[in-house]
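Coordinates in review
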Amino acid sequence: MKRVLLALALCVPVAAFAEGAAQDPFVKGDAAAGATKAAVCGACHGAGGNGGVNPEWPKLAAQGSKYVHNQLVAFKGGKRANPVMAGQAAALSDQDMADLSAYFAAQPAVPGVASEASVPVAQKLYRAGDAARGLAACSACHGPTGAGNPAAAYPHIGGQNSGYVATQLRAYRAGERGKEGNGLMMAAVAKHLTDAEIDALSSYLSGLQ
């Protein structure tokens, strides 16, 4: 019963936000205020956060607000290294980060296209993992369509730019990311992936929706 009540408690604010509630349920940001503040973000992340500028830069549309907020905090505090994002995040206030996170979470995502060659390798890893190597299924945290888990700050990865995903998986594997929090789980998974598997997963995720 407690689990059912918790599930309901998590679902109600999400539904309310989707119907136009003023405040994001996770970071308490204002999406309308974030729309104005996000103008500069479009130069790299595309209109509405849907990419299209450079496949090495992430799409932010429909990304969980808690996840986006955590990354902005990490960039600002130097826990996640990226000279461009560090410069952008440096001037952001807590409210700015909350508003931007709420804005991107509210934007509809536009999926990419996966290569047919990636499916045989990536689909099995995504859906079932590989128990023999201690690889958990990606869908266990990111969901069957890659929508993630906003409450747990597991990111939305379905439709993400393949170049960005590949770079991040290699960063996790090399220990450049994933030194704390949820990132520890990603580092533990990525260390078992081969280059071919990373490339296949990256393409597969681009078309996942």
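Figured I'd write up the structure that's included with this text. All figures in this text were calculated on a predicted structure; none of them were measured in a lab.

Now for the packing of aromatic side chains. One pair of aromatic rings is described through two measures. These are the centre distance and the angle between the planes. Evaluated as defined, the whole model comprises two aromatic pairs. Plain terms: the ring middles of tyrosine 126 and tyrosine 204 are 5.9 Å apart, the flat faces sit at 55 degrees to each other, and that makes the pair tilted. Of the two residues, tyrosine 126 is situated in helix α7 (residues 119–128) and tyrosine 204 in helix α11 (residues 195–207); the sequence distance between them amounts to 78 residues. Accessibility classification places tyrosine 126 together with tyrosine 204 in one group, the buried group.

The next subject is the nonpolar core. If you look at the biggest cluster of nonpolar residues, it comprises 16 residues, and the most contacted ones within it are Tyr126, Leu193, Leu201 and Leu205. If you list the elements that add at least two residues to this core, you get α7, α9 (162–174) and α11. Here the element with the most residues in this core is α11; it accounts for five residues. Among the nonpolar cores identified, the runner-up in size contains 13 residues, and Ala38, Leu72, Leu92 and Met97 belong to it.

Further remarks concern the side chain of glutamine 160. Here glutamine 160 is to be found in the loop between α8 (139–142) and α9. Glutamine 160 gets classed as buried once you look at its relative accessible area, which sits at 7%. Within polar-contact distance, the side chain of glutamine 160 engages the backbone nitrogen of lysine 59 at 2.7 Å. Setting aside chain neighbours within four positions, we find glutamine 160 in contact with Pro58, Lys59, Gln63, Val165, Leu205 and Ser206.

The final tally for this structure, using the stated rule, is eight salt bridges. Residues glutamate 180 and lysine 79 are paired through a salt bridge, measuring 3.6 Å at the closest nitrogen-oxygen approach. Of this pair, glutamate 180 sits in the loop between α9 and α10 (183–190) while lysine 79 sits in the loop between α4 (65–77) and α5 (83–90), placing them 101 residues apart in sequence. The class of glutamate 180 is partly exposed, set by a relative accessible area of 49%. Residues glutamate 197 and arginine 133 are paired through a salt bridge, measuring 2.6 Å at the closest nitrogen-oxygen approach. Placement of the pair is glutamate 197 in helix α11 and arginine 133 in the loop between α7 and α8, with a sequence separation of 64 residues. With a relative accessible area of 13%, glutamate 197 lands in the buried category. One salt-bridge network, in which partners are shared between bridges, spans Arg170, Arg173, Asp195 and Asp199.

Conventions and cut-offs
- Residues numbered from 1 in each chain as written.
- Predicted model: local features only at pLDDT ≥ 70, side-chain atom pairs only at ≥ 80, totals over all residues.
- Heavy atoms only, no water.
- Phe/Tyr/Trp six-rings, centres within 6.5 Å; stacked < 30°, edge-to-face > 60°.
- Helix = DSSP H or I, 4+ residues; strand = E, 2+ residues; numbered from the N terminus.
- Buried < 20%, exposed > 50% of the residue type's maximum accessible area, 1.4 Å probe, protein only.
- Core = buried A, V, L, I, M, F, W, Y, C linked by side-chain atoms within 4.5 Å.
- Polar contact = N/O pair within 3.5 Å; in protein donor to acceptor, adjacent residues only side chain to side chain.
- Contact = heavy atoms within 4.5 Å.
- Salt bridge = Lys/Arg side-chain N within 4 Å of Asp/Glu carboxyl O.

Purely spatial values, then, with no claim about function.
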